Amino acid sequence: MQGGLTLWGKKNKKMRILVLSRKPSLYSTRRLVEAAQKRGHDVRVIDYLRCYMNITSRKPTVIYKGEKLTSYDAIIPRIGASYTFYGAAVVRQFEMGEIFSVNESEAISRSRDKLRSLQILAREGIGMPVTGFANHSDDIDGMIETMKGTPLVMKLLEGTQGKGVVLAETKKAAGSVLSAFRQLKANILVQEFIKEANGKDIRAFVVGEKVVGSMEREAPDGEFRANLHLGAAAKKIELSEKEKKMAVEATKRLGLSVAGVDMIRSNEGLLVIEVNSSPGLEGIEKTTEKDVASEIIKYIEETLADN
Ligand code: ADP
């Protein structure tokens, strides 16, 4: 039997889907399972850290607790930020076995590198805050000179949920933060602070070529980071066609099909700050009352039907 695709023809609409997730009890995982079952598919949750593989095999397969996972049509990777390397390797092995992945391994790795993602988006002409990066402490002043002035937002490249994001009010403070982080060998981005964002950001949930839901998050008083984990409040919003197009474009340029695109409003329009390849479903579904999980399953159905 070769891959799952041969099993699934246009006549037979039932698919076999694997959700790669560390925990079946997570909201996003549960919702994907529910949506797949509701649409009549077989679905199973697999902990990707318990998957192993023989990479030299001519028939690339993924093995889970002794079982070869070959007869599947599609995988939905939900790879945690701390496990990108191993998770992406597992996804790649599925792809080589001709099992369709909602997001490709290459795109997952690419999107997890904040610097690389921003470099790609900038090259493609997607709006983002002015961003700088330097290695040597002697070059930090020069790099800061290229920015539009202070305050400046500093971001740890490996940070998530707003935890590695700080505001430096003066160039001097920015320089000190940068050299302190450099001492610890941490990589840090420096970004123009978009004051007019006013502690709000926008999450657009993209599936395929569509924004299937969007919300605005607002930071609590005295905080500029609008992360839900830091107590931000969320509400449903409608994006303009132009804004939707921008979110879809950013997703596409990174090679992703499902993404959470984070944007902030500046005087010059929306700016992209981050593109997430395993965006959570809980915030967006509860805020927008949209069935985002089913949109992901429908996307798999449509893509495989075209093949
Ligand atoms: P993380 O990936 O850790 O969430 P982000 O880059 O998304 O880091 O930043 C966290 C939050 O900080 C954003 O959601 C946004 O509200 C705020 N923020 C980020 N960058 C800027 C900026 N350049 N100007 C103003 N606010 C920002």
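These lines cover the structure that appears in this document, whether it is placed above or below. Note that the structure is a prediction, hence the values are computed from the model and not measured.

## Side note on the overall build of the protein
- Per the secondary structure count, the protein includes 9 helices and 16 strands.
- Radius of gyration (C-alpha) of the protein: 21 Å, near the 19 Å computed for a compact globule of 307 residues.
- Summarising its shape, the C-alpha atoms of the protein cover approximately 65 × 45 × 35 Å along the three principal directions.
- When each of the 307 residues of the protein is scored for burial, the buried share is 50%.
- Of the contacts formed within the protein by residues at least 6 apart in sequence, a portion of 67% connects residues at least 24 apart.
- Carbon and sulfur atoms form 49% of the exposed surface of the protein, whose accessible area is close to 15,300 Å².
- Distance from the positive charge centre (48 side chains) to the negative charge centre (40 side chains) of the protein: 5 Å.

## Here's the deal with the side chain of histidine 41
- Mapped onto the fold, histidine 41 is located in the loop between α1 (27-38) and β2 (42-46).
- Here histidine 41 falls in the buried class, since its relative accessible area comes to 5%.

## With respect to the packing of aromatic side chains
- Per the stated rule, a full pass over the model turns up 3 aromatic pairs.
- With a centroid separation of 6.4 Å and 65° between ring planes, the pair formed by tyrosine 48 and tyrosine 83 is classed as edge-to-face. In this pair, tyrosine 48 is assigned in the loop between β2 and β3 (51-52) and tyrosine 83 in the loop between β6 (74-77) and α2 (84-96), connecting sequence segments 35 residues apart.
- Using a relative accessible area of 0% as the deciding quantity, one classes tyrosine 48 as buried.
- With relative accessibility at 33%, the residue tyrosine 83 sits in the partly exposed group.
- Taking the centre distance of 6.4 Å and the plane angle of 45° together, the rings of phenylalanine 100 and tyrosine 299 count as tilted. Of this pair, phenylalanine 100 sits in strand β7 (residues 100-101) while tyrosine 299 sits in helix α9 (residues 292-306), and the two are 199 residues apart along the sequence. The exposure classification of phenylalanine 100 matches that of tyrosine 299, with both residues buried.
- It is arginine 16 that lies over the ring of tyrosine 72; its NZ or CZ is 4.5 Å from the centre.

## Remarks on the pattern of salt bridges
- A full pass over the atoms with the stated rule returns 27 salt bridges.
- Of the charged contacts in the structure, one is a salt bridge between arginine 123 and glutamate 124, with a shortest N-O distance of 3.2 Å.
- With relative accessibility at 64%, the residue arginine 123 sits in the exposed group.
- Overall, the relative accessible area of 30% leaves glutamate 124 in the partly exposed class.
- Among the ionic pairs, lysine 244 bridges to glutamate 238, the shortest N-O distance being 3.6 Å.

## Quick look at the sheet that holds strand β10 (residues 165-168)
- One open sheet holds the 4 strands; their spatial order is β8-β11-β9-β10, and the pairing between them is antiparallel. A strand with exactly one partner marks an edge of an open sheet, and here the two such strands are β8 (131-132) and β10.
- Set on the sheet, helix α6 (residues 171-183) makes contact with β9 (152-156), β10 and β11 (188-192); between it and β9 the angle comes to about 10°.

## Quick look at the sheet that holds strand β4 (residues 63-64)
- Here 3 strands make up an open sheet; going across it, the order is β3-β4-β5 and the pairing antiparallel. The outermost strands of the open sheet, each flanked by one partner alone, are β3 and β5 (67-68).
- Relative to β4, β3 runs antiparallel, the two sharing 2 bridges. Paired with tyrosine 52 across the two strands is isoleucine 63, which belongs to β4.

## Remarks on unusual backbone geometry
- Residue proline 151 follows threonine 150 across a cis peptide bond; omega there is -5°.
- Mapped onto the elements of the fold, proline 151 is located in the loop between α5 (137-145) and β9.
- For glutamate 289, which is not a glycine, the phi torsion comes out positive at approximately 60°.
- Tracing the backbone shows glutamate 289 in the loop between α8 (282-288) and α9.

## Overview of the site of the ligand
- Taken together, 20 residues lie around the ligand, and Lys155, Gly162, Asp201, Asn227 and Glu274 are the ones closest in.
- Lysine 114 places a side-chain nitrogen or oxygen 3.1 Å from an oxygen atom of the ligand.
- In isolation the ligand has 540 Å² of accessible area, and contact with the protein removes 97% of it.
- For the shell around the ligand, the elements supplying multiple residues, two or more each, are β9, β11 and β16 (269-276).
- Of the residues contributing to the shell around the ligand, the split by class is 9 nonpolar, 5 polar and 6 charged.

Conventions used here
- Residues numbered from 1 in each chain as written.
- Predicted model: local features only at pLDDT ≥ 70, side-chain atom pairs only at ≥ 80, totals over all residues.
- Heavy atoms only, no water.
- Helix = DSSP H or I, 4+ residues; strand = E, 2+ residues; numbered from the N terminus.
- Rg over C-alpha atoms; globule rule 2.2 N^0.38 Å.
- Buried < 20%, exposed > 50% of the residue type's maximum accessible area, 1.4 Å probe, protein only.
- Contact = heavy atoms within 4.5 Å.
- Areas by Shrake-Rupley, 256 points an atom, 1.4 Å probe, with all protein chains shown as cover.
- Lys, Arg positive; Asp, Glu negative; His and termini not counted.
- Charge placed at Lys NZ, Arg CZ, Asp CG, Glu CD.
- Phe/Tyr/Trp six-rings, centres within 6.5 Å; stacked < 30°, edge-to-face > 60°.
- Lys NZ or Arg CZ within 6 Å of the ring centre and 35° of its normal.
- Salt bridge = Lys/Arg side-chain N within 4 Å of Asp/Glu carboxyl O.
- Pairing = 2+ DSSP bridges.
- Axes fitted to C-alpha atoms, helices over the stretch in contact; angles between N-to-C directions.
- Near = heavy atom within 4 Å.
- Polar contact = N/O pair within 3.5 Å; in protein donor to acceptor, adjacent residues only side chain to side chain.
- Nonpolar A, V, L, I, M, F, W, Y, C, P; charged D, E, K, R; others polar.

All quantities given are derived from atomic positions and should not be read as evidence of function.
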